Amino acid sequence: MNRSQSVVMGSMCAASVRCYAVALAAGKLLIDLAEARLPLRHSHHRYRVDGPNGIQTLTIPLVGSTNNMTTPLRDVLISEHGDWRRLHWGALYSAYGRSPYFDYVADDLSRVIHGTQRYLHEFNSQLHELVVDFMDLPIETRYVDGNSMSEDVTDLRGRIAMKRPDTLPIANVSYYQMWSVEGGFKPDLSILDLMMNQGREAIFTLLAMSSISSK
């Protein structure tokens, strides 16, 4: 990756550390709101955190069946079924309530989790903005219609999944994780894990991941 070329991804929920390392390496992130292949992209509405009981996948319920969803991401609606906002906040507090940086970001994160967003991309973008602002990441983000993009980009939309390892051009670099003593370092967690454990120092981990990959 180099900072002269944009990367394009779909709208992802609290995307993985690896996704953010790629975005930081490029410097410009294009989020495709026209993507309509949601069944292949579980990361659009799911994210992984690590807590006292191991890795947990948190899912945002959507209106309609994700098995046959061809709705463009910009039109995908959130369902309030199952009191998921309260459950997500409880899981995040259990996982990171004692982490070094939880107290610094808790109020802003709670406002997003307990928000009134109707659309999935709205929720995702608010989480993304919180992460970029708090961690002070030099990532320029634009929301685009992927069907009409004309500029030269590195298209990563087909290389990010959740049920199988991604194929992103980035290396893994270990960092402090609260629960690593229980099961060793876990490389494919949400960016929230890195943010809670390292705060603004996390940028050095992200830069190291791209630096190793470019050698």
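Here the structure is a predicted model, which means the values were calculated and not measured.

Q: Mind laying out the pairing of strand 3 (residues 46–51), listing which residues take part and the relevant values?
A: Where burial is concerned, most of strand 3 is hidden: five out of the six residues are buried. Hairpin remark: strand 3 followed by strand 4 (residues 54–59), antiparallel, with two residues in the connecting loop.

Q: Provide a residue-level description of the pattern of salt bridges, including the pertinent values.
A: Per the stated rule, a full pass over the model turns up five salt bridges. In this structure, Asp83 and Arg86 form a salt bridge, with 2.5 Å as the shortest nitrogen-oxygen distance. Asp83 sits in the partly exposed class, given a relative accessible area of 40%. As a salt-bridge pair, Arg111 and Asp108 come within 2.3 Å of each other at their nearest N and O atoms. Residue Arg111 and its partner Asp108 are both found in helix 3 (residues 102–113); the two are separated by three residues, about one turn of the helix. Here Arg111 falls in the exposed class, since its relative accessible area comes to 55%.

Q: For the environment of Ala34, give the residues involved together with the corresponding values.
A: Its location among the elements puts Ala34 in the loop between strand 2 (28–32) and strand 3. You can call Ala34 buried: its relative accessible area is 11%. Through-space distance from the C-alpha of Ala34 to that of Gly10 is 8.4 Å; in sequence the pair is 24 residues apart.

Q: Before we move on, could you go through the nonpolar core and cite the residues and values that matter?
A: Taken as a class, soluble globular proteins show a tendency for nonpolar side chains to be buried jointly. Among the nonpolar cores identified, the biggest contains 62 residues, and Leu92, Met135 and Leu206 are the most heavily contacted of them. Once residues lying within four places of it in the same chain are set aside, the contact partners of Leu206 are Val17, Tyr20, Ala21, Leu24, Met135, Leu137 and Leu194.

Q: Explain the sheet that holds strand 2 to me, using residue names and the numbers behind them.
A: The strands making up a sheet are joined through hydrogen bonds of the backbone, oriented either antiparallel or parallel. With respect to topology, four strands assemble into an open sheet ordered 5-2-1-6, the strand pairing being parallel. Strand pairing shows two members of the sheet lacking a second neighbour, strand 5 (140–144) and strand 6 (153–155), which therefore form its edges. Between one strand and the next, the sheet's axes are offset by a mean angle of 30°, whatever the strand orientation. Pairing between strand 1 (residues 6–10) and strand 6: three bridges, direction parallel. The residue bridging Val7 from the neighbouring strand is Thr154, located in strand 6. Its contacts with the sheet put helix 1 (residues 17–26) on strand 1 and strand 2, and the angle it makes with strand 1 is roughly 150°.

Q: Outline the environment of Met135, listing residues and values.
A: For Met135, the location among the structural elements is in helix 4 (residues 120–135). Judged by its relative accessible area of 1%, Met135 is buried. Spatially, the C-alpha atom of Met135 lies 9.8 Å from that of Leu194, the residues being 59 residues apart in sequence.

Q: I'd love a proper account of the packing of helix 3 against helix 4, names of residues and values included.
A: Put simply, helix 3 and helix 4 touch, their axes get as near as 10 Å, and they point 165° apart. Of the possible angle classes, the one that applies to helix 3 and helix 4 is roughly antiparallel. Pair helix 3 / helix 4 crosses with right-handed handedness. Of the residues in helix 4, those touching helix 3 at Tyr104, Val105, Asp108, Leu109, Val112 and Ile113 are Phe123, Gln126, Leu127, Leu130 and Phe134.

Q: Go over the pairing of strand 4 with me, naming the residues and quoting the values.
A: Relative to strand 4, strand 3 runs antiparallel, the two being bridged by six bridges. Looking across to strand 4, one finds that Gly51 is bridged to Gly54.

Conventions adopted
Residues take numbers from 1 onward in each chain, read along the sequence in its written order. In keeping with the predicted nature of the model, local features appear solely for residues at pLDDT of at least 70, side-chain atom pairs appear and are counted solely at 80 or more, and the whole-chain, interface and lining totals rest on all residues. Values shown for side chains rest on all heavy atoms present in the structure; no hydrogens or waters enter the calculation. Relative accessibility decides the category of a residue: with a 1.4 Å probe and only protein chains considered, values under 20% of the type maximum give buried, values over 50% give exposed, and everything between is partly exposed. Put simply, DSSP marks the helices as runs of H or I at least four residues long and the strands as runs of E at least two long, and each gets a number from the N terminus on. Any two strands with at least two DSSP-identified bridges between them are counted as paired. Salt bridge, as applied in this entry: a Lys or Arg side-chain nitrogen positioned within 4 Å of an Asp or Glu carboxyl oxygen. As used in this record, nonpolar core signifies buried Ala, Val, Leu, Ile, Met, Phe, Trp, Tyr and Cys residues forming a set joined through side-chain atoms within 4.5 Å. Any pair of residues with heavy atoms lying within 4.5 Å of one another is described as a contacting pair. Think of each axis as a best-fit line through the C-alpha atoms, taken over the contacting stretch in the case of a helix, with angles from 0 to 180 degrees between the N-to-C directions. An angle counts as roughly parallel when it lies under 35 degrees, as roughly antiparallel when it exceeds 145, as roughly perpendicular when it falls between 65 and 115, and as oblique in every other case. Handedness of each helix crossing follows the sense of rotation of the near helix against the far helix: counterclockwise by less than a right angle gives left-handed, clockwise gives right-handed.

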